[in-house]
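# Structural description and commentary
The lines below spell out each chain.
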There are 2 protein chains.
Amino acid sequence: MQMRFDGLLGFPGGLVNPSEETLEAGLSRELHEEVGVAVPVGVDDHMSSCVSSSCPRLITHFYIKKMTEAELKEIERAAVASATDHGLEVLGMVRVPLYFLKKGGGLPYFLSHSFISNSRAQLLSALRHCRLLSQGELKEAVRQAEQMRRTHSDDPR
Amino acid sequence: MQMRFDGLLGFPGGLVNPSEETLEAGLSRELHEEVGVAVPVGVDDHMSSCVSSSCPRLITHFYIKKMTEAELKEIERAAVASATDHGLEVLGMVRVPLYFLKKGGGLPYFLSHSFISNSRAQLLSALRHCRLLSQGELKEAVRQAEQMRRTHSDDPR
């Protein structure tokens with residue numbers, strides 16, 4: 001995921017006007033701006049679409065792209081070395097910890113951060129869809145994250 | 001700052017045993033592991049020291065190092081390309097937004113994330129010390145961040 005210009009965590013992407021380009025072409029364009037390399041996205045990579053309650057004209061479309069660790073490292077390198085949005089729309093790329101450490105460390109702590117729109121739900125649905133974590137593990141991570149957020153809401157760590 | 005292995009945001013650094021090396025030598029060693037390039041740190045860069053209430057044997061020492069944007073970019077590149085801790089102790093580097101956008105965007109949203117130990121207070125003290133933001137701006141950012149954290153403590157974004 002990435003730290004966005006507005007200080008929230010989210011996925012790479014952006015606004016697409018479907019009268020001007022296809023969703024996949026728009027996403028590929030945004031990815032190139034934000035991660036610095038071409039990441040071809042097709043209709044088969046589509047995962048979900050969601051209408052925003054606060055802005056009914058906005059529909060968030062979520063795509064999943066599986067890649068190797070070498071491809072991920074290439075994106076991490078390009079994102080700071082050649083992406084046009086680096087330091088502007090994007091403040092940095094981060095990996096998501098898919099493990100559990102003591103006292104909420106790992107995924108639960110990560111889920112206690114502040115996310116844009118429905119991106120936290122998108123992350124959880126992707127982890128479930130790709131069977132990276134079980135439903136029970138995800139529920140437990142969310143429970144610990146919300147506890148952490150409540151506990152530290154007056155005195156954030 | 002960086003996304004740590006435990007899912008919290010924090011500064012580069014690590015544990016130093018003062019019977020084995022000086023604080024500055026230990027910090028320089030940790031920085032090299034985490035950002036991939038040598039960042040010489042001296043006693044003049046020391047900013048504050050703080051005894052941990054939860055672990056009295058632990059003292060957190062905070063250092064400030066001013067650098068140019070070119071030096072920062074070199075660190076961002078090396079942190080993913082050559083740092084030995086990348087993908088292990090460090091999940092990514094992020095810049096801190098030092099501005100205010102609509103509805104809490106920018107620094108307030110950033111401050112609403114989850115931070116390790118006293119690193120959020122260290123960030124605020126550094127911004128004040130370096131006169132990057134005024135005391136009034138910092139107070140307002142903290143107020144908005146805590147409001148954001150309370151509002152979204154049951155349903156984190």
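See the structure printed just above.
Residues numbered from 1 in each chain as written. Chains lettered and ligands numbered in written order. Predicted model: local features only at pLDDT ≥ 70, side-chain atom pairs only at ≥ 80, totals over all residues. Heavy atoms only, no water.

Right, let's talk about the relation of the copies chain A and chain B for a bit. Copy one and copy two of the chain differ by a rotation about a common axis and a shift along it. Least-squares fitting of chain A to chain B yields an RMSD of 0.0 Å, with the superposition described by an axial translation of 0.0 Å and a rotation of 180°. Here the symmetry operator amounts to a two-fold rotation axis. Within chain A, A:His113 has its C-alpha nearest the rotation axis, a separation of 2.2 Å. Counting the interface residues of chain A, we find that 100% of their copies in chain B are interface residues as well, pointing to one common contact surface. (Least-squares fit on C-alpha atoms with pLDDT ≥ 70 in both. Contact = heavy atoms within 4.5 Å.)

Residues lying three or four places apart along an α-helix face the same way, a consequence of the helix completing one turn every 3.6 residues. Residue and element names in this part refer to chain A. With respect to burial, helix α4 (residues 119–129) is a largely interior element, eight of its 11 residues being buried. For α4, every residue scored as buried is listed here: Ser 119, Arg 120, Gln 122, Leu 123, Leu 124, Ser 125, Ala 126 and Leu 127. Where α4 is buried, its residues meet β2 (9–10), β3 (46–51), β4 (59–63), α3 (107–111) and α5 (135–151). Arg 131 lies just past α4 and shows a positive phi near 55°. (Buried < 20%, exposed > 50% of the residue type's maximum accessible area, 1.4 Å probe, protein only. Helix = DSSP H or I, 4+ residues; strand = E, 2+ residues; numbered from the N terminus.)

Let us now look at the packing of α4(A) against α5(A). A pair of packed helices can be characterised by two numbers: the angle between their axes and the separation between those axes. Residue and element names in this part refer to chain A. With their axes 10 Å apart at the nearest point, α4 and α5 run at an angle of 155° to one another. When the axes of α4 and α5 are compared, the pair comes out roughly antiparallel. Every pair of crossing elements has a handedness; the one defined by α4 and α5 is right-handed. Touching Arg 120, Leu 124, Leu 127 and Arg 128 of α4 are Gln 135, Leu 138, Val 142, Ala 145 and Glu 146, all from α5. Looking at the contact of α4 with α5 residue by residue, the classes come out as five nonpolar, one polar and three charged. (Axes fitted to C-alpha atoms, helices over the stretch in contact; angles between N-to-C directions. Parallel < 35°, antiparallel > 145°, perpendicular 65-115°, else oblique. Left-handed = near helix turned anticlockwise from the far one by under 90°. Nonpolar A, V, L, I, M, F, W, Y, C, P; charged D, E, K, R; others polar.)

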